[in-house]
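# Results of the structural survey
What follows is each chain in one-letter form.
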Amino acid sequence: MTTRRPIEFWHFGRPEITKIEAEAERLEALGYDGLTLTDSQNLSGDTYVALTLAARATSKLMIGPGVTNPLTRHAAVTAGAIASVQEASGGRAMLGIGRGDSSLFNIGHKPVSPTAFERYVSDVQTYLRGDALDAGGYTSRLHWLAQSDMPKTPVDVGATGPKVIGIGARLADRVSFSLGADPDRLAWGVEQARQAVGDGGTMPSLGAYLNVCVHDDVERAAELVRAGVGIFAHFTSMPGASRDKVKEGDNAVFNRLSDYDKARHGRSDAAHAEALPLDFIKRFAVIGPAEDCIAKLVALSRLGLDRMFIIGPRVDQFGDEAVQAQARLAADVFPALRSLAA
């Protein structure tokens, strides 16, 4: 009989510098495996400072940005920052990276091109391995990394479209899909990764970003994750994004999301978030009583996912209600999915 390792459950949060240590301690006590923090310099504090504080406040919790981007920092700076967090945490770090969204539109930039993204991921991997690259005729490497006894920090590409999924599958250690919770859509993403590595290639570890809320009232659960669904569904609405395996009726929703209210990014009162129908949120997210959430997450886990990044209700918006949802997820849902590995 074969077994698989338990799924990792990561909390998706924000780098609130004065609160992150207590938050990290609480999540570790609840049984979360990891904490990933947004990297959006205009909207919150520095993610690497917050990750270091989280590392110092915990002993087991894995940590990393979810996600950084290729534009706001040079590849050597990004590699040096996450390698430093790897040192501070005793080997618990990972580097989540994508093409960029709020971190870039807040400084007047669009997401970087897939070509630029591929080059950046390749450079970061070179630096993290301790290898050298040619930087305008200069041999560039992280010299100090040779003195580290920590394992190489894994790179996790956050991906929605086939080009970026392929880049992650070929160059990164991990790929995490931002496709929502529809099993058909996620199965399509897994197949894109398989095609990218080809016959005989090594599949990267796979994960997914998922909007989740355990709540006995489905309509209230939808309101608690509405803002997060707006962010993550927005990635499929962006120009050039793939709509493969999108349910026919959902295309109209994605079309409306293309008119994204950037000034209210991450808020449930944003026009694009308010326009999301309940039925769409039910399909795109994982919401409702614990048994319903378990059934949907089990179906997704069987696609071969090793980790799930949980985007739940935000504590800064919903207070104790958000904390209770996090606790119910950890107590009522995590054990059921972890038992699948036995």
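Above this text is the structure in question.
Everything in this summary refers to the structure shown in the same document. From a predicted model like this one, the values you see are computed outputs, not experimental measurements. (Residues numbered from 1 in each chain as written. Predicted model: local features only at pLDDT ≥ 70, side-chain atom pairs only at ≥ 80, totals over all residues. Heavy atoms only, no water.)

### Thoughts on the overall build of the chain
- Counting its secondary structure elements, the chain contains 14 helices and eleven strands.
- What you see for the chain is a C-alpha radius of gyration of 19 Å, in line with the 20 Å of a compact globule of 342 residues.
- Oriented by its inertia axes, the alpha-carbon framework of the chain measures out at about 60 × 50 × 40 Å.
- When burial is assessed residue by residue, the chain has 54% of its 342 residues classed as buried.
- Computed over 37 positive and 41 negative side-chain charges, the inter-centroid distance for the chain is 3 Å. (Helix = DSSP H or I, 4+ residues; strand = E, 2+ residues; numbered from the N terminus. Rg over C-alpha atoms; globule rule 2.2 N^0.38 Å. Buried < 20%, exposed > 50% of the residue type's maximum accessible area, 1.4 Å probe, protein only. Lys, Arg positive; Asp, Glu negative; His and termini not counted. Charge placed at Lys NZ, Arg CZ, Asp CG, Glu CD.)

### Some details on the packing of aromatic side chains
- For the structure on display, the rule yields ten aromatic pairs.
- Plain terms: the ring middles of F12 and Y209 are 6.2 Å apart, the flat faces sit at 90 degrees to each other, and that makes the pair edge-to-face. One end of the pair, F12, is in strand β1 (residues 8–13); the other, Y209, is in strand β9 (residues 205–214), and 197 residues separate them in sequence. Neither residue differs from the other here; F12 and Y209 are each classed as buried.
- Residues F280 and F284 carry aromatic rings whose centres are separated by 5.6 Å and whose planes lie at 15 degrees to one another, so their mutual orientation is stacked. On the criterion of helical spacing, the pair formed by F280 and F284 is a turn pair, its members being four residues apart in helix α11 (residues 278–284). For the pair F280 and F284, a shared accessibility class is recorded, and that class is buried.
- Aromatic rings pair up to connect W10, F12, Y209, F232, F235 and F309 into one cluster. (Phe/Tyr/Trp six-rings, centres within 6.5 Å; stacked < 30°, edge-to-face > 60°.)

### Quick look at the nonpolar core
- L35, L210, M308, V333 and L337 are the most contacted members of the largest nonpolar core, which totals 72 residues.
- Residues contacting V333, with those up to four places away along its chain left out, are V214, A290, C293, I294, L297 and R328.
- Formed by 32 residues, the second largest nonpolar core is a distinct cluster that contains F12, F105, L224 and F284. (Core = buried A, V, L, I, M, F, W, Y, C linked by side-chain atoms within 4.5 Å. Contact = heavy atoms within 4.5 Å.)

### A short note on the packing of helix α1 (residues 20–30) against helix α2 (residues 47–57)
- At a minimum axis distance of 8 Å, the contact between α1 and α2 shows a crossing angle of 50 degrees. In terms of axis orientation, α1 runs oblique to α2. Note on packing geometry: the crossing formed by α1 with α2 is right-handed. Contacts between α1 and α2 involve I20, E21, A24 and E25 from the first element and A50, L53, A54 and A57 from the second. (Axes fitted to C-alpha atoms, helices over the stretch in contact; angles between N-to-C directions. Parallel < 35°, antiparallel > 145°, perpendicular 65-115°, else oblique. Left-handed = near helix turned anticlockwise from the far one by under 90°.)

### Comments concerning the side chain of S178
- Within the secondary structure, S178 is located in the loop between β8 (174–177) and α7 (183–197).
- According to the relative accessible area criterion, S178 is buried, its value standing at 5%.
- In contact with S178, not counting residues within four places along its chain, are A159, T160, F232 and F235.

### Comments concerning α1
- Those residues of α1 that sit buried are I20, E23, A24, L27 and E28. Each buried residue of α1 sits inside an arc of 130 degrees when the element is viewed along its axis, so together they form one side. Turned more than 90 degrees from where α1 packs its buried face, A22 and A29 sit exposed.
- Those residues of α1 hidden inside the fold are in contact with β1, β2 (34–37), α2 and α14 (320–338).
- Immediately downstream of α1, the backbone of G31 shows phi near 110 degrees, a positive value. (Arc of directions from axis to C-beta.)

### Details of helix α5 (residues 114–128)
- Taking 1.5 Å as the rise per residue, α5 with 15 residues should run 21 Å; its terminal C-alpha atoms sit 21 Å apart, in good agreement.
- Three or more residues of α5 are buried, namely F117, Y120, V121, V124, Q125, T126, Y127 and L128.
- Taken together, the buried residues of α5 touch α3 (75–89), β4 (95–97), β5 (133–135), β6 (138–140), β7 (155–159) and α6 (162–171).
- Positive phi shows up at G130, right after α5, with a value of about 85 degrees. (Expected span 1.5 Å × (residues − 1).)

Geometry only, nothing functional implied.
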